[in-house]
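# Observations on chain architecture
Residue strings, one per chain:
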Amino acid sequence: EITHVKPYKYFVDEQRFGPYAFWHHQHHFKETESGVVMEDILNYKVPFGILGDAVDALFIHREVESIFAYRKETLARKFGQI
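Here the residue numbers are simple positions, counted from 1 along each chain's written sequence. Where totals are concerned, whole chains, interfaces and linings use all residues; where local detail is concerned, this predicted model gives features only for residues with pLDDT of at least 70, and gives and counts side-chain atom pairs only at 80 or more. Water and hydrogen atoms play no part in the side-chain values, which are based on all heavy atoms of the structure.

### Remarks on the packing of aromatic side chains
For Phe, Tyr and Trp, rings pair up if their centres lie within 6.5 Å, where Trp contributes its six-membered ring, and each pair is then called stacked (planes under 30 degrees apart), edge-to-face (over 60) or tilted (otherwise). Evaluation of the coordinates by the stated rule reveals four aromatic pairs. With a centroid separation of 6.1 Å and 20° between ring planes, the pair formed by F11 and F29 is classed as stacked. Of this pair, F11 sits in strand β2 (residues 10-14) while F29 sits in strand β3 (residues 22-32), and the two are 18 residues apart along the sequence. Burial here depends on accessible area, computed with a 1.4 Å probe over protein chains only, as a share of the maximum for the residue type. Under 20% is buried, over 50% is exposed, and the range in between is partly exposed. F11 sits in the partly exposed class, given a relative accessible area of 26%. Taking 4.8 Å as the distance between ring centres and 45° as the angle between the ring planes, the aromatic pair formed by Y20 and W23 counts as tilted. When its relative accessible area of 16% is taken as the criterion, W23 is described as buried. Taken together, the aromatic side chains of Y20, W23 and Y44 make up a single cluster linked through ring pairs. Going along the chain from the N terminus, every DSSP run of H or I of four or more residues is numbered as a helix, and every run of E of two or more is numbered as a strand.

Given below as structure tokens:
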């Protein structure tokens with residue numbers, strides 16, 4: 001769910017229901033001389049306490065990083081790299 005928006009500056013999405021115990025994702029945009037820079041700030045927590053932390057360390061964290069790396073590559077291909 002998009003919970004906060006400041007047009008041309010940032011927006012925040014938060015998971016209300018789903019696989020994560022907590023998900024708070026900020027998307028920040030900054031205009032520069034050569035284009036727009038996008039920065040993500042992500043905080044999340046998986047459920048199931050210590051077991052969830054172990055699964056996160058072994059698998060989930062890498063998968064989340066992979067998703068963001070793919071998005072970065074896709075945006076760079078479409079819009080160029082700064």
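Let's pick the thread back up.
### A short note on the side chain of Q26
By the element assignment, Q26 lies in strand β3. Contacts described as polar in this section are N or O atom pairs within 3.5 Å, which, within protein, must combine one atom able to donate a hydrogen with one able to accept it, while residues neighboring in sequence count only if both atoms come from side chains. Side chain to side chain, Q26 and H28 meet in a polar contact 2.7 Å long. The contact criterion used throughout is that any non-hydrogen atoms of two residues lie within 4.5 Å. Each residue touching Q26, except ones within four places of it in the same chain, is listed here: F11, V12, E39, D40 and I41.

### Side note on the pattern of salt bridges
A side chain of one charge can pair with a side chain of the opposite charge if their charged atoms are brought near each other. Each salt bridge in this description consists of a side-chain nitrogen of Lys or Arg and a carboxyl oxygen of Asp or Glu lying within 4 Å of one another. All told, the structure shown has four salt bridges when counted by the stated rule. The partner of R71 in a salt bridge is D40, with the nearest N and O atoms 2.0 Å apart. With a gap of 31 residues between them, R71 in helix α1 (residues 49-79) and D40 in strand β4 (residues 35-45) connect regions that are remote in the sequence. Here R71 falls in the partly exposed class, since its relative accessible area comes to 24%. With a relative accessible area of 27%, D40 lands in the partly exposed category. K45 serves as the salt-bridge partner of D53, at 2.6 Å between the closest nitrogen and oxygen. Among the residues examined, D53 registers a relative accessible area of 35% and is labelled partly exposed. Linked by salt bridges that have partners in common, E1, E14 and R16 make up one network.

Bear in mind that shape data such as this cannot, by itself, settle questions of function.
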